Amino acid sequence: MKKKVAVLMGSDSDLPVVKSAINTLKEFGVETEVHIMSAHRTPKQACDFASSAIDKGFGVIICAAGKAAHLAGVIAAHTTLPVIGIPMKSSTLDGLDALLSTVQMPKGIPVATVAIDGAENAALLAVQILAVYDKDLEVKLKAMKLKMTEEVLEKDRKLNS
Ligand code: RP5
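Residues numbered from 1 in each chain as written. Predicted model: local features only at pLDDT ≥ 70, side-chain atom pairs only at ≥ 80, totals over all residues. Heavy atoms only, no water.

Colleague: Please clarify how the packing of aromatic side chains should be interpreted in this entry.
Modeller: Aromatic ring pairs: the centre-centre distance and the angle between the two ring planes describe each pair. Taken as a whole and judged by the stated rule, the model has one aromatic pair. On the basis of an interplanar angle of 50 degrees and a centroid distance of 5.4 Å, the ring pair of F49 and F58 is categorised as tilted. We note that F49, like F58, is buried. (Phe/Tyr/Trp six-rings, centres within 6.5 Å; stacked < 30°, edge-to-face > 60°. Buried < 20%, exposed > 50% of the residue type's maximum accessible area, 1.4 Å probe, protein only.)

As structure tokens, this is what we get:
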């Protein structure tokens, strides 16, 4: 059975950035569930979601949060699924606070952290994880990489013509 990806964000104010992750997952045809969920404002819902995510057919969980960004860490603490953290640039510290909060996990509870506001890469990493056991996704990823290479080579040709 095809696995789903969960996209969680700490606040609806994160949505404009997180949208590109949702769109990328859609482009790959990955079934996606999106929720506003906070380690601080809805702690019980966050723990319950993570604890039941495997049974609900999820394969990867993406968590976007800003400031003292604990969402990805709390979710990772309650599941064995791979968790990808997107540190959000939503504070006066330009997201550096969220980056450090997301990436500096204690030994035993890893969170795969992408760049500040790196929503698209979070989605691609989720697709790559699912593609280990999904040939269709592997083929789509290879096509995407080929297209990227062609675009750069075309620019290089134009530059030198
Ligand atoms: C975090 O605090 C959210 O993920 C968001 O990035 C930031 C600000 O949230 P709001 O105050 O806009 O709801 O929890």
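There's plenty left to go through after this.
Colleague: Sorry if this is basic, but what is going on with the sheet that holds strand β3 (residues 58-66) here?
Modeller: Sheet strands associate in pairs through backbone hydrogen bonding, adopting either a parallel or an antiparallel arrangement. The strand order across the open sheet formed by five strands is β2-β1-β3-β4-β5, and the pairing between neighbours is parallel. The sheet is open, and its two borders are formed by β2 (32-36) and β5 (112-113), each paired with just one other strand. Strand direction decides the pairing type here: strand β1 (residues 4-9) and β2, joined by five bridges, are parallel. Among the inter-strand pairings, V5 is bridged to a residue of β2, identified as T32. Of the strands in this sheet, β1, β2, β3 and β4 (83-88) touch helix α1 (residues 15-27), which is tilted by about 175 degrees from β1. Relative to the sheet, helix α5 (residues 119-131) contacts β1, β3, β4 and β5, its axis offset from that of β3 by approximately 165 degrees. (Pairing = 2+ DSSP bridges. Helix = DSSP H or I, 4+ residues; strand = E, 2+ residues; numbered from the N terminus. Contact = heavy atoms within 4.5 Å. Axes fitted to C-alpha atoms, helices over the stretch in contact; angles between N-to-C directions.)

Colleague: Quick question: what am I supposed to make of the pattern of salt bridges here?
Modeller: Once the charged atoms of two side chains with opposite charge are near each other, the side chains can pair. In this structure the tally under the stated criterion is eight salt bridges. Linking D134 and K2 is a salt bridge whose minimum nitrogen-to-oxygen distance equals 3.1 Å. With D134 in the loop between α5 and α6 (135-159) and K2 in the segment before β1, this residue pair connects regions lying 132 residues apart in the sequence. We note a salt bridge from K2 to D136, for which the minimum N-O separation is 3.5 Å. Placement of the pair is K2 in the segment before β1 and D136 in helix α6, with a sequence separation of 134 residues. Under the relative-accessibility criterion, K2 is labelled exposed at 53%. Through salt bridges with shared partners, a single network forms among K2, D134 and D136. (Salt bridge = Lys/Arg side-chain N within 4 Å of Asp/Glu carboxyl O.)

Colleague: Looking at this model, I keep getting lost on the nonpolar core. Mind explaining?
Modeller: Soluble globular proteins tend to pack their nonpolar side chains together in the buried interior. Core analysis: the largest hydrophobic core is formed by 26 residues, its most contacted members being V5, L25, V30, I62 and I86. Those elements that place two or more of their residues in this core are β1, α1, β3, β4, α5 and α6. If one sorts the elements of this core by residue count, α5 sits on top with eight residues. Every residue in contact with V5, bar those within four places of it in the chain, is listed here: L25, V30, E31, T32, E33, F58, V60, I62, A126 and L130. Within the second largest apolar cluster, 20 residues are counted, among which are L8, A65, L71 and A76. (Core = buried A, V, L, I, M, F, W, Y, C linked by side-chain atoms within 4.5 Å.)

Colleague: Please explain the site of the ligand as it appears in this structure.
Modeller: G10, S11, S13, D14, R41, A65, G66 and S90 make up every residue found near the ligand. Measuring from an oxygen atom of the ligand, one finds a side-chain N or O atom of S13 at 2.7 Å. In this structure, an oxygen atom belonging to the ligand sits 2.6 Å away from a side-chain N or O atom of D14. Taking 370 Å² as the accessible area of the ligand by itself, protein coverage stands at 77%. Grouping the amino acids of the shell around the ligand by side-chain chemistry returns one nonpolar, five polar and two charged. (Near = heavy atom within 4 Å. Polar contact = N/O pair within 3.5 Å; in protein donor to acceptor, adjacent residues only side chain to side chain. Areas by Shrake-Rupley, 256 points an atom, 1.4 Å probe, with all protein chains shown as cover. Nonpolar A, V, L, I, M, F, W, Y, C, P; charged D, E, K, R; others polar.)

Colleague: Hey, could you run me through the side chain of T24 in this one?
Modeller: Tracing the sequence through the fold places T24 in helix α1. Given a relative accessible area of 5%, T24 falls into the buried group. What T24 contacts, discounting residues up to four positions off in sequence, is E120, A123 and L124.

Function-wise, these values are silent; they only describe arrangement.
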